[in-house]
Amino acid sequence: MAKIKKLDKNVISKIAAGEVVAGPFSVVKELVENALDADAKKIEVELQNGGKSYIKVKDNGEGMSKDDLLLSVEEHTTSKIKDFEDIYTLYSFGFRGEALSSISKVSRVVITSNNGKESHRLEVIGGKIKKIEEFPTIERGTTVEVLDLFFNVPARRKFLKSAAVEKRRVIEFVEKFLLSNPEVSFTLKSDGDVLYNAESSSLEERFKLIFPEVREFTNINGKFVNGIISSPNYYRKNRTGQIFFVQKRYVVDKMLYYVFENGYGESLVNHPYGVLFIDLPPKYVDVNVHPQKLEVKFSDPNAIYSDIIRTVRNALKKFISKKIFVSDK
Ligand code: ADP
Ligand code: MG
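Because the structure is predicted, anything quoted here is derived from the model rather than measured.

Let's shift gears to the environment of T89. As for its position among the elements, T89 is in the loop between α3 (66-72) and α4 (99-105). For the pair T89 and P282, spaced 193 residues apart in sequence, the C-alpha to C-alpha distance is 5.2 Å. In this structure T89 touches P282 and K283, once residues within four positions along its chain are discounted.

In structure tokens:
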């Protein structure tokens, strides 16, 4: 008898869902990205028990029709690409069509959506559609509620950290969205506490909101990179104050940290603050990397790296001539 067996569909689908859904923070990330892709200008995030019991993301984006609502939770369904090559001209966050289906396979999901013409409520439990009904809502937009994450995958549920730790992870992701989308207003509530209530504003205002301790910072503006960096007088012992985005996607890349600090010179011992946006035409970036890995591939990395070093170095000259922003806090 052969030792190799084809896995059961149910097992395959739980494994696949686990690749996308790592915990409450990744649910929040996927849902906020969907809201941004739907052109929302106002996004509300709510958690209970660190997101382990309840996560809500409400947006005022374009909404979905009844048919789209039903399709949205199916596997590999997306409105964002048609052909593989489309990802090379892509400006949206999503394109895999995996998030809503994966999340709904491992939790109980309620989506209400109003597209300006019709308004419905969909209920999905463990990936199975239980109910769809008309549901009057006043405003256009979509609300996704995720209850009891991993209720049907006890092994995964056991690996969730304490509510406090999961909450911290969610806050860190929301802070990245606050920085990369300053024109969007965000609220973040956790167990009834308001953690953020940020009106639409500028990058400078959001930088001050997230890093109130930094009193000397300046804008930078290069060929591929722009953002805000601190003077070398403000730093952390780790790199949590250094945040990089490529086409507004948060990325983690050792080389980017390294070249950023290189711009401050050889003698640097601590880690200054920097929120850097790298923007280049989509065809020069490969976004087809795993959603959880936060990696990025540039077609010409050296051009990017040298632009960062040059731009940071030039901007730092301002600190010597004292032409800096000084926060009023
Ligand atoms: P992807 O974002 O990769 O397309 P998702 O599973 O995250 O895949 O979402 C599936 C589809 O559902 C999206 O392509 C979009 O058309 C629709 N959708 C999801 N969330 C929203 C939302 N908040 N507002 C409007 N449409 C949405
Ligand atoms: Mg998505």
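With that settled, consider helix α8 (residues 254-262). Taken together, the buried positions of α8 are L256, V259, F260 and E261. Those residues of α8 that are buried are in contact with β12 (242-246), β14 (271-272), β15 (274-278) and α9 (301-320).

Moving on: the domain arrangement of the protein. Each assigned domain of the protein is listed with its residue range as follows: domain 1 (9-198) and domain 2 (207-326). One C-alpha centre belongs to domain 1, the other to domain 2, and the line joining them spans 29 Å. Contact with domain 1, which involves 16 residues of that partner, is made by 15 residues of domain 2.

Looking now at the environment of D279. Structurally, D279 is set in the loop between β15 and β16 (285-286). Separated by 267 residues in the primary sequence, D279 and I12 have C-alpha atoms spaced 37 Å apart. Here D279 is in contact with F224 and Q247, once residues within four sequence places are set aside.

Here the focus is the nonpolar core. Of all hydrophobic cores here, the largest spans 68 residues; its most connected members are V28, V32 and V57. With seven residues, helix α2 (residues 24-37) is the single largest residue contributor to this core. Each of domain 1 (9-198) and domain 2 (207-326) gives at least three residues to this core. If we skip the residues at most four places from it in the chain, V32 touches I43, V45, V57 and F177.

Looking now at the packing of α2 against helix α6 (residues 163-180). Two quantities define a packed helix pair, namely the angle between the axes and the distance from one axis to the other. Where α2 contacts α6, the two axes come as close as 8 Å, and the packing angle between them is 25 degrees. As summarised for this structure, α2 and α6 are arranged roughly parallel, according to the angle between their axes. The way α2 lies across α6 gives a crossing that is right-handed. For the pair formed by α2 and α6, the contact residues are P24, F25, V28, K29 and V32 on the first element and E166, R169, V170, F173, V174 and F177 on the second.

Taken in spatial order, the eight strands of this open sheet run β5-β4-β3-β6-β2-β1-β7-β8, and their pairing is mixed. Of all the strands in the sheet, just β5 (128-134) and β8 (193-198) have a single pairing partner and so form its edges. Between one strand axis and the next, the sheet turns through 10 degrees on average, direction left out of account. Sheet strands touched by α2: β1 (42-48), β2 (54-59) and β6 (141-147). Its angle to β2, the strand with the most contacts, is close to 10 degrees.

Rules of the game
Residues numbered from 1 in each chain as written. Chains lettered and ligands numbered in written order. Predicted model: local features only at pLDDT ≥ 70, side-chain atom pairs only at ≥ 80, totals over all residues. Helix = DSSP H or I, 4+ residues; strand = E, 2+ residues; numbered from the N terminus. Contact = placed C-beta atoms within 7 Å. Buried ≥ 20, exposed ≤ 12 C-beta atoms within 10 Å, placed from the backbone. Domains from an automatic or database assignment. Core = buried A, V, L, I, M, F, W, Y, C linked by C-beta atoms within 7 Å. Axes fitted to C-alpha atoms, helices over the stretch in contact; angles between N-to-C directions. Parallel < 35°, antiparallel > 145°, perpendicular 65-115°, else oblique. Left-handed = near helix turned anticlockwise from the far one by under 90°. Pairing = 2+ DSSP bridges.

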